[in-house]
Amino acid sequence: LAKTTQPISMDSYEGQEVNITCSHNNIATNDYITWYQQFPSQGPRFIIQGYKTKVTNEVASLFIPADRKSSTLSLPRVSLSDTAVYYCLVGNDYKLSFGAGTTVTVRA
Amino acid sequence: NAGVTQTPKFRVLKTGQSMTLLCAQDMNHEYMYWYRQDPGMGLRLIHYSVGEGTTAKGEVPDGYNVSRLKKQNFLLGLESAAPSQTSVYFCAGQQESNTEAFFGQGTRLTVV
């Protein structure tokens with residue numbers, strides 16, 4: 001499994017865009033990049049997944065450069081309810097491996 | 001369609017007692033996982049299963065056993081609970097690799 005590195009914490013304000021970058025220098029050819037969100041006292045929830053270029057859904061966008069050694073999760077116009085821990089996972093098999101994640105705190 | 005359901009939600013055990021946590025899913029998941037999460041930390045994989053009748057060790061398997069006799073259920077057992085096993089336990093299910101995983105609501109276990 002590829003090792004990932006992401007910031008421990010980030011602060012933002014309501015209405016701003018939040019970008020979380022995850023480094024995965026040893027990503028393998030068949031690896032996918034997946035992001036999960038976890039609220040306090042809840043299990044993680046799938047946000048978005050991508051392989052290359054850009055993926056967008058109703059919640060977020062995922063930007064992946066050509067070399068795939070990093071990826072950026074973009075949360076547009078965050079609200080207080082987006083305060084959570086965000087995990088970047090890289091792999092191509094069934095073993096989900098979670099690091100410490102990035103704690104995003106959104107302030108009014 | 002209940003998704004992934006964990007039983008119980010809370011439990012307090014005395015050191016040395018045993019218990020079983022149940023994870024039930026009605027989403028026809030092939031893969032199922034048990035994680036533990038300690039305060040301020042990420043999830044650590046205890047055991048996982050890639051199909052009915054199969055189980056495998058994750059990164060922190062010591063002190064735990066699992067069984068997957070039926071595809072829809074994944075059981076996590078503690079034979080002799082220790083205070084170090086105080087944690088929040090999450091179960092997850094996944095249809096196949098590289099697809100969305102669905103998590104249960106968690107079980108908060110305290111061992112005194």
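Relevant structure appears above.
So, here's what we can say about the structure. Just so we're clear, the structure is a prediction, and the values are computed from it rather than from any experiment. (Residues numbered from 1 in each chain as written. Chains lettered and ligands numbered in written order. Predicted model: local features only at pLDDT ≥ 70, side-chain atom pairs only at ≥ 80, totals over all residues. Heavy atoms only, no water.)

Here the focus is the packing of aromatic side chains. All names here are of chain A. Across all of its chains, the model carries 10 aromatic pairs over all chains by this definition. Centre to centre, the rings of Y87 and F98 are 5.2 Å apart; their planes meet at 85°, and the pair counts as edge-to-face. One end of the pair, Y87, is in strand 8 (residues 84-91); the other, F98, is in the loop between strand 8 and strand 9 (102-107), and 11 residues separate them in sequence. Judged on exposure class, the residue Y87 and its partner F98 are both buried. Taking NZ or CZ as reference, R68 lies 4.0 Å from the ring centre of Y51, over its face. (Phe/Tyr/Trp six-rings, centres within 6.5 Å; stacked < 30°, edge-to-face > 60°. Helix = DSSP H or I, 4+ residues; strand = E, 2+ residues; numbered from the N terminus. Buried < 20%, exposed > 50% of the residue type's maximum accessible area, 1.4 Å probe, protein only. Lys NZ or Arg CZ within 6 Å of the ring centre and 35° of its normal.)

Here we take up the nonpolar core. All names here are of chain A. By size, the foremost hydrophobic cluster in this structure holds 20 residues, and its most contacted members are I20, I33, W35, I47, L73, L75 and Y86. Those elements giving two or more residues to this core turn out to be strand 2 (18-23), strand 3 (32-38), strand 4 (45-50), strand 6 (61-64), strand 7 (70-75), strand 8 and strand 9. Among the elements that make up this core, the one with the highest residue count is strand 8 (four residues). (Core = buried A, V, L, I, M, F, W, Y, C linked by side-chain atoms within 4.5 Å.)

One pass over the structure, following the stated rule, counts two disulfides over all chains. The disulfide bridge from C22 of chain A ends at C88 of chain A, spanning 2.2 Å between sulfur atoms. Between C22 of chain A and C88 of chain A the sulfur-sulfur dihedral comes to about -80°; the bridge is accordingly left-handed. Of this pair, C22 of chain A sits in strand 2 while C88 of chain A sits in strand 8, and the two are 66 residues apart along the sequence. On the basis of relative accessible area, C22 of chain A is assigned to the buried category, the value being 0%. Disulfide pairing places C23 of chain B opposite C91 of chain B at an S-S distance of 1.8 Å. Residues C23 of chain B and C91 of chain B are joined by a disulfide whose S-S torsion is about -75°; by sign, that bridge is left-handed. On the criterion of sequence distance, the pair formed by C23 of chain B in strand 3 (residues 19-25) and C91 of chain B in strand 9 (residues 87-94) is long-range, its members being 68 residues apart. (Disulfide = S-S within 2.5 Å.)

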